[in-house]
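# Descriptive structure summary
Letter by letter, the chains look like this.
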Amino acid sequence: MHKPAPQSKQIRARVVIAGKVQGVGYRYATVDTASQLGLSGWVRNLPDNRVEAVFEGSREVVEEMIRWCYQGPPAAVVKDVVVEYEEPEGLQGFDVRRFE
């Protein structure tokens, strides 16, 4: 009897990116990249000029997205990336949020 391959465990990473990351298209490039990779989550600007994002998906894909965050879009100058792992919420889709 053939058993299907187990689903890759879903993980969730909260990432805060510092540097020249606002006003350079960072959020929209993040949405495009995460959507192409099939990740769920969101991205938003923080009042202190950093960008915060949450990515949910398989470990391999989330790690690939985190590596992308160190580069960002061409106009960005990333100085620091802080990653925290959390319990996945089962988010659907990927969008830009406003800081409340």
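Residues numbered from 1 in each chain as written. Predicted model: local features only at pLDDT ≥ 70, side-chain atom pairs only at ≥ 80, totals over all residues. Heavy atoms only, no water.

### Quick word on the nonpolar core
Counting 23 residues, the largest nonpolar core has Val15, Ile17, Tyr26, Phe55, Val62 and Cys69 as the members making the most contacts within it. When contributions to this core are tallied by element, the ones reaching two or more residues are strand E1 (10-20), helix H1 (26-37), strand E3 (51-58) and helix H2 (59-69). Of the residues forming this core, the biggest block, 5 residues, is contributed by H2. In contact with Cys69, other than residues within four places in its own chain, are Val15, Ile17, Tyr26, Phe55, Val78 and Val81. (Core = buried A, V, L, I, M, F, W, Y, C linked by side-chain atoms within 4.5 Å. Buried < 20%, exposed > 50% of the residue type's maximum accessible area, 1.4 Å probe, protein only. Helix = DSSP H or I, 4+ residues; strand = E, 2+ residues; numbered from the N terminus. Contact = heavy atoms within 4.5 Å.)

### Topic: the sheet that holds strand E5 (residues 94-96)
The sheet built from 5 strands is open, its strands ordered E4-E1-E3-E2-E5 with mixed pairing. The open sheet terminates on both sides in strands that have one partner only, identified here as strand E4 (77-86) and E5. Neighbour to neighbour, the strand axes of the sheet diverge by 15 degrees on average, direction disregarded. Bridge count between strand E2 (residues 40-45) and E5: 3 bridges; the pairing is parallel. Considered in E5, the bridge of Val43 is made with Val96. The sheet contacts of H1 involve E1, E2, E3, E4 and E5, and relative to E5 the element is tilted by about 175 degrees. Against the sheet, H2 makes contact with E1, E3 and E4, and its axis sits at roughly 155 degrees relative to E3, the strand it touches most. (Pairing = 2+ DSSP bridges. Axes fitted to C-alpha atoms, helices over the stretch in contact; angles between N-to-C directions.)

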